[in-house]
Amino acid sequence: MFRRTDTAATLATALVAAAAALVLTASTSAAAATAPGFLNGTDLPAHPTSAWYAGEITAGLPETETFCLDGVLPAAGSWHRAFGTEYDTGAVQVSVRSASPSAAARLVGTLERKVAACAADWLRTTPGGTASWQDYGTLPVEEGAHVYGVHTSIPESEPGVHLYGIGRDGATVTVVKWGQMGDLSQAPVAAFKKTTTRAVNKLNPCGAGGPAGRVGPWRGEAMPCVPETSR
């Protein structure tokens, strides 16, 4: 009697644990499925002496806040991927799935204003520093993208230059930041515009704005929907 009760209790506990594990696995798989498409290292402006190394696509924001965008990128619905080289050149992509296209459009506006004001904001908190910025214009991809450059320098230190590509596809927003030592004259603007266009095109490869069987910039042929990060 007692043995049967103990056995039943043990079985019930095992079934609950198995069910919990199944729910956890399903939740993890569902979360992974919601990640937008991301750039690969080969999509970034080529470095003259180093390959690009891509980190994992990770839920949430980067541990280190993105320069010029501190405090404005929401953690909810965000994913990121960091990139590095053997030298000082690095990049990061942060993408956010917003609640709606209108919410995504508002986020894009906030990000653009923050980057445009970054040089002036940085100067106010950096006595003796110099800074400048450049609006490199918009790009005709999905709901649009915008490219900016920011240069900062302080005495007795190497100057830094950053490029920002901000774009949207439906309710998904992405920001790509590229940076290295130098100034705006050394920034690979033309190549980075191609990177930004690629980043927006990759956001929803199997959803709205993606290549699911349509003819697009894939040499004119209709293609089955295969997420580009898995190719």
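So, how was this worked out
- Residues numbered from 1 in each chain as written.
- Predicted model: local features only at pLDDT ≥ 70, side-chain atom pairs only at ≥ 80, totals over all residues.
- Heavy atoms only, no water.
- Helix = DSSP H or I, 4+ residues; strand = E, 2+ residues; numbered from the N terminus.
- Contact = heavy atoms within 4.5 Å.
- Polar contact = N/O pair within 3.5 Å; in protein donor to acceptor, adjacent residues only side chain to side chain.
- Core = buried A, V, L, I, M, F, W, Y, C linked by side-chain atoms within 4.5 Å.
- Buried < 20%, exposed > 50% of the residue type's maximum accessible area, 1.4 Å probe, protein only.
- Expected span 1.5 Å × (residues − 1).
- Disulfide = S-S within 2.5 Å.
- Arc of directions from axis to C-beta.

Position of aspartate 43 relative to the elements: it lies in the loop between helix H1 (2-33) and strand E1 (53-54). Separated by 149 residues in the primary sequence, aspartate 43 and phenylalanine 192 place their C-alpha atoms 9.1 Å from one another. Residues contacting aspartate 43, with those up to four places away along its chain left out, are Thr195, Arg198 and Lys202. A distance of 3.5 Å separates polar atoms of two side chains, one belonging to aspartate 43 and the other to arginine 198.

It is worth spelling out the nonpolar core at this point. Ranked by size, the top nonpolar core spans 21 residues in total, and within it Leu44, Leu163 and Trp178 carry the most contacts. Mapped by element, the contributors of at least two residues to this core are strand E5 (130-139), strand E6 (145-153), strand E7 (160-169), strand E8 (172-181) and helix H4 (189-202). Of all the elements, H4 adds the most residues to this core, at 4 residues. Those residues in contact with leucine 44 that lie beyond four places of it in its chain are Leu39, Trp52, Phe83, Ala91, Val176 and Thr195. Grouped together as the second largest cluster of nonpolar side chains are 18 residues, Val94, Tyr164, Ile166 and Val173 included.

Attention shifts here to helix H2 (residues 101-116). End to end, H2 covers 23 Å across 16 residues, agreeing with the expected 22 Å (1.5 Å per residue, within 8%). Of all the positions in H2, only Ala103, Ala104, Leu107, Val108, Gly109, Leu111 and Val115 are classed as buried. Against strand E4 (90-97), helix H3 (118-124), E6, E7 and E8 lie the buried residues of H2.

Time to look at the state of the cysteines. Enumeration over the complete set of coordinates arrives at 1 disulfide. A disulfide bridge connects cysteine 68 with cysteine 118, and the sulfur atoms are separated by 1.9 Å. Disulfide cysteine 68-cysteine 118: the torsion about the S-S bond is -75°, which places it as left-handed. Of this pair, cysteine 68 sits in the loop between strand E2 (58-59) and strand E3 (78-84) while cysteine 118 sits in helix H3, and the two are 50 residues apart along the sequence.

With glycine set apart, most residues show a phi of negative sign, and most peptide bonds adopt trans. Within the chain, cysteine 68 stands out as a residue other than glycine whose phi angle is a positive 80°. We classify cysteine 68 as buried; its relative accessible area is 3%. One non-glycine residue with positive phi stands out, namely glutamate 156, at about 60°. When you line up the elements, glutamate 156 lands in the loop between E6 and E7.

The next subject is the environment of threonine 172. Relative to the helices and strands, threonine 172 is located in strand E8. Distance in space between the C-alpha atoms of threonine 172 and glycine 77 is 9.3 Å, their sequence separation being 95 residues. What threonine 172 contacts, discounting residues up to four positions off in sequence, is Pro36, Val96, Arg97, Ala104, Gly167, Leu203 and Asn204.

With 14 residues, H4 should cover 20 Å at 1.5 Å per step; its first-to-last C-alpha distance of 20 Å lies within 8% of that length. When we look at burial in H4, the residues that qualify are Val189, Phe192, Thr195, Thr196, Ala199, Val200 and Lys202. For H4, the angular spread of the buried residues around the axis is 165°, confining them to a single face. What points out from H4, more than 90 degrees from its buried face, is the exposed set Ala190 and Lys194. On its buried side, H4 packs onto E4, E5, E6, E7 and E8.

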